[in-house]
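# Descriptive structure summary
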Amino acid sequence: MVLDMQVKASEYPGLTLQIKDAGEDNDTQIKQIREFIKQRVDLVIISANESEPVTTAAVEAFRAGIPTIIIDRKIYSEEYTTFIGADNYEIGRAAGLFINSLLKKKKTTIVEVWGREGSSSARDRHNGFSDALIHNDNVILKTVYGQTVFWWTQKPDTATFPAEWANLRYST
């Protein structure tokens, strides 16, 4: 996405594109948004690291008269210009319905691994997934929170997982 934005921005002489990466840190992201407000930028695009902590700063930008585009992860407010993102509830629901179609009447335990618990996209996918499974008495849904695997830097074989996962069995 960053490369796409840089390429598109290069087509407009006089346009300055500033990109800041908070490194998955809420406090840093909040500080960066507030820096943009102080600079009185013409537009801010925010992909919230986690919804709740970033909401206040995003609303501050909007209230300062800066068009505020929220992408991928929603905030806990309707005070923004527009949201661009997937219907994560429907994605989770579709996954749950697919799982239901495979299980038939077999008792099954499903372990759902959450990375960033405060992410609206993860929360919405979870809600859709669990709603699709709620009436299936053969499913036991176990959710593991707080284990973030940085998919862009870690390979699955080098990621660390909780010790209680050692005895889990997976089959296709």
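Let us look at the structure shown here.

The next point concerns the packing of helix H2 (residues 26-39) against helix H3 (residues 51-63). Relative to each other, H2 and H3 sit at 5°, their axes nearing to 9 Å. The orientation of H2 with respect to H3, classified from their angle, is roughly parallel. From H2, Asn26, Gln29, Ile30, Ile33, Arg34 and Ile37 reach across to H3, where they touch Pro53, Val54, Thr56, Ala57, Ala58, Glu60 and Ala61. Within the contact of H2 with H3, the residues separate by chemical class into eight nonpolar, three polar and two charged.

This part is about the sheet that holds strand E2 (residues 68-71). What links the strands of a sheet is backbone hydrogen bonding, and the strands pair in either a parallel or an antiparallel sense. The strand order across the open sheet built from three strands is E1-E2-E3, with neighbouring strands paired in parallel fashion. If you trace the sheet from one side to the other, it starts and ends with strand E1 (44-46) and strand E3 (82-84), each paired once. Strand-to-strand, the axes of this sheet are offset by a mean angle of 25°, without reference to chain direction. Direction of pairing for E2 relative to E3: parallel, over a ladder of three bridges.

The next subject is unusual backbone geometry. Excluding glycine, residues mostly carry a negative phi; peptide bonds, for their part, are mostly trans. The phi torsion at Glu24 lies on the positive side, around 65°, for a residue other than glycine. Structurally, Glu24 is set in the loop between helix H1 (2-9) and H2. By relative accessible area, which is 30% here, Glu24 ends up partly exposed.

In this section: the nonpolar core. Taken as a class, soluble globular proteins show a tendency for nonpolar side chains to be buried jointly. Within the largest apolar cluster, 17 residues are counted, with the highest numbers of intra-cluster contacts made by Ile33, Val44, Ile46, Ile70 and Ile75. Elements that contribute at least two residues to this core include exactly H2, E1 and H3. Sort the elements by how many residues they give to this core and H3 lands first, with five residues.

On to the packing of aromatic side chains. For the coordinates displayed, the defined rule picks out zero aromatic pairs. The positively charged end of Lys20 is found above the aromatic ring belonging to Phe36, 5.6 Å away from the centroid. Here the guanidinium or amino end of Lys74 rests over the ring plane of Phe83, the centre of that ring lying 5.4 Å away.

Oppositely charged side chains can form a pair if their charged atoms are brought close together. Scanning the entire structure with this criterion turns up six salt bridges. In this structure, the salt-bridge partner of Lys20 is Glu35, at a minimum N-O distance of 3.2 Å. Taken as a pair, Lys20 in the loop between H1 and H2 and Glu35 in helix H2 lie far apart in primary sequence, 15 residues in all. Measuring nitrogen to oxygen at the nearest pair gives 2.7 Å for the salt bridge that ties Glu79 to Arg63. With a gap of 16 residues between them, Glu79 in the loop between E2 and E3 and Arg63 in helix H3 connect regions that are remote in the sequence.

About the criteria used
Residues numbered from 1 in each chain as written. Predicted model: local features only at pLDDT ≥ 70, side-chain atom pairs only at ≥ 80, totals over all residues. Heavy atoms only, no water. Axes fitted to C-alpha atoms, helices over the stretch in contact; angles between N-to-C directions. Helix = DSSP H or I, 4+ residues; strand = E, 2+ residues; numbered from the N terminus. Parallel < 35°, antiparallel > 145°, perpendicular 65-115°, else oblique. Contact = heavy atoms within 4.5 Å. Nonpolar A, V, L, I, M, F, W, Y, C, P; charged D, E, K, R; others polar. Pairing = 2+ DSSP bridges. Buried < 20%, exposed > 50% of the residue type's maximum accessible area, 1.4 Å probe, protein only. Core = buried A, V, L, I, M, F, W, Y, C linked by side-chain atoms within 4.5 Å. Phe/Tyr/Trp six-rings, centres within 6.5 Å; stacked < 30°, edge-to-face > 60°. Lys NZ or Arg CZ within 6 Å of the ring centre and 35° of its normal. Salt bridge = Lys/Arg side-chain N within 4 Å of Asp/Glu carboxyl O.

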